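Per-entry structural report
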Amino acid sequence: MSEHRTWGGTIRKLWPKETTKFRDHLLRLDKDSRRMRFAHGVSDSFIEDYAARMGDMGSIVYAYVLDGEVRGAAELKKLGDTWGKEAEAAFSVEVAYQEHGVGTELMGRVIRAARNRSVQQLYMSCLAENAKMQTIARKHEAALRFEFGDVVGEIVPQGPNYFSIMAEAMDDRAGYLMAVLDLQTRVAKAA
Ligand SMILES: CC(C)(COP(=O)(O)OP(=O)(O)OC[C@H]1O[C@@H](n2cnc3c(N)ncnc32)[C@H](O)[C@@H]1OP(=O)(O)O)[C@@H](O)C(=O)NCCC(=O)NCCS
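For the structure given in this document, a descriptive report is provided here. (Residues numbered from 1 in each chain as written. Predicted model: local features only at pLDDT ≥ 70, side-chain atom pairs only at ≥ 80, totals over all residues. Heavy atoms only, no water.)

**Re the overall build of the protein**
A tally of regular secondary structure across the protein gives six helices and eight strands. N-terminal to C-terminal, the α/β element order of the protein is β-β-α-α-α-β-β-β-α-β-α-β-β-α. Taking all 191 residues of the protein together, 47% fall into the buried category. Contacts spanning at least 24 positions in sequence make up 67% of the contacts within the protein whose residues lie at least 6 apart. Surface summary for the protein: the accessible area is close to 10200 Å², and the carbon and sulfur share equals 55%. (Helix = DSSP H or I, 4+ residues; strand = E, 2+ residues; numbered from the N terminus. Buried < 20%, exposed > 50% of the residue type's maximum accessible area, 1.4 Å probe, protein only. Contact = heavy atoms within 4.5 Å. Areas by Shrake-Rupley, 256 points an atom, 1.4 Å probe, with all protein chains shown as cover.)

**Re the packing of aromatic side chains**
Summed over the entire model, instances satisfying the criterion amount to five aromatic pairs. With centroids separated by 6.2 Å and ring planes inclined at 15 degrees, the aromatic side chains of phenylalanine 46 and tyrosine 50 adopt a geometry described as stacked. Here phenylalanine 46 and its partner tyrosine 50 are both found in helix α3 (residues 44–52), four residues apart, which amounts to about one turn of the helix. Among the aromatic residues, those joined into a ring-pair cluster are Phe38, Phe46 and Tyr50. Its end group placed over the ring of phenylalanine 38, arginine 37 keeps NZ or CZ at 4.3 Å from the ring centre. (Phe/Tyr/Trp six-rings, centres within 6.5 Å; stacked < 30°, edge-to-face > 60°. Lys NZ or Arg CZ within 6 Å of the ring centre and 35° of its normal.)

**As for the site of the ligand**
Near the ligand there are 23 residues, and of these Val93, Glu99, Thr104, Asn130 and Lys139 occur at the shortest range. Between the ligand and the protein, one listed contact pairs an oxygen atom with a backbone N or O atom of valine 93 at 2.6 Å. Between the ligand and glycine 101 there is a distance of 2.9 Å, counted from an oxygen atom to a backbone nitrogen or oxygen. Bound to the protein, the ligand loses 75% of the 960 Å² it would expose on its own. Looking at the shell around the ligand, the elements with two or more residues in it are α2 (31–38), β5 (86–93), α4 (102–116), β6 (121–127) and α5 (131–139). (Near = heavy atom within 4 Å. Polar contact = N/O pair within 3.5 Å; in protein donor to acceptor, adjacent residues only side chain to side chain.)

**What about the pairing of β6?**
With respect to burial, β6 is a largely interior element, five of its seven residues being buried. Pairing of β5 with β6 involves three bridges; the strand directions are parallel. Residue pairing for β6: glutamate 86 is matched across the bridge by glutamine 121. A crossover links β5 with its parallel partner β6, the connecting element being α4, and its sense is right-handed. (Pairing = 2+ DSSP bridges. Right-handed = clockwise from strand over helix to strand, strands pointing away.)

**Re helix α1 (residues 19–28)**
For α1, the full list of buried residues reads Thr19, Lys21, Phe22, His25 and Leu26. Angularly, the buried residues of α1 cover 165 degrees about the axis, an arc narrow enough to put them on a single face. (Arc of directions from axis to C-beta.)

**Quick notes on unusual backbone geometry**
For alanine 39, which is not glycine, the phi dihedral falls at a positive 65 degrees. Along the polypeptide, alanine 39 turns up in the loop between α2 and α3.

**Let's talk about the environment of aspartate 44**
Relative to the assigned elements, aspartate 44 resides in helix α3. With 18 residues separating them in the primary sequence, aspartate 44 and leucine 26 have C-alpha atoms 8.9 Å apart. Dropping the residues within four chain positions of it, aspartate 44 is found in contact with Leu27 and Arg34.

**Here we look at the pattern of salt bridges**
Summed over all chains, the structure comprises 17 salt bridges. For the salt bridge of glutamate 168 with lysine 13, the shortest nitrogen-to-oxygen distance reads 2.6 Å. Here glutamate 168 is found in helix α6 (residues 162–190), whereas its partner lysine 13 is found in strand β2 (residues 9–13), with 155 residues between them in sequence. Both residues of the pair, glutamate 168 and lysine 13, belong to the buried class. Across the salt bridge formed by arginine 71 and glutamate 94, the nearest N and O atoms sit 2.8 Å from each other. In this pair, arginine 71 sits in strand β4 (residues 69–78) while glutamate 94 sits in the loop between β5 and α4, placing the two residues 23 residues apart along the sequence. The same class applies to arginine 71 as to glutamate 94, namely buried. Through salt bridges with shared partners, one network takes in Lys13, Arg117, Glu168 and Asp172. (Salt bridge = Lys/Arg side-chain N within 4 Å of Asp/Glu carboxyl O.)

Next comes the structure, spelled out in structure tokens:
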């Protein structure tokens, strides 16, 4: 789970200033993916507000970035003002990039980030019909429990250790370098 360049792109944390890339990714989700992601249909303006609040909420967003565009994202969200025992996770991958292992890779990053913040329970609210999400959760040994037709995937990550903290820190350093390279490439192309 530590490789940084996959499928020609990069998986890295987004910076708070990259909310527009996150927004554009969510806006590109097709109708069905949007419904699966938010558990109901949402409008463009809902997504614009939601993405704008990404930085304010102190969420951690991992993204699959290809040619400067976010094509997949995983959010780890606090349930209160500070990181507590419980957190929520949500995932999205654009249709053209689905079923290539991006979602599985993103979930690995989110579980590690949760573990490093001593989160004990990670909730993923997804519709009962969301078989792909259940497959991915099972790959990460999630225990799923069913409630009122929805599926809540409850993952119990282990506590942090030296290696998990170092792995996230090294990942962040590589992600930073990839973001700078990406910016330089786009500036050079534009010139
Ligand atoms: C769910 C989602 C994030 C998965 O991303 P992804 O990049 O396609 O996921 P992966 O390729 O890593 O894994 C998908 C797995 O589901 C499997 N799968 C595909 N169709 C399936 C089905 N009908 N039933 C069961 N498993 C299925 C794939 O074979 C793959 O498993 P494998 O790697 O063992 O072959 C993506 O489909 C998505 O964004 N969906 C819309 C939004 C959403 O549902 N978000 C989750 C709610 S929070």
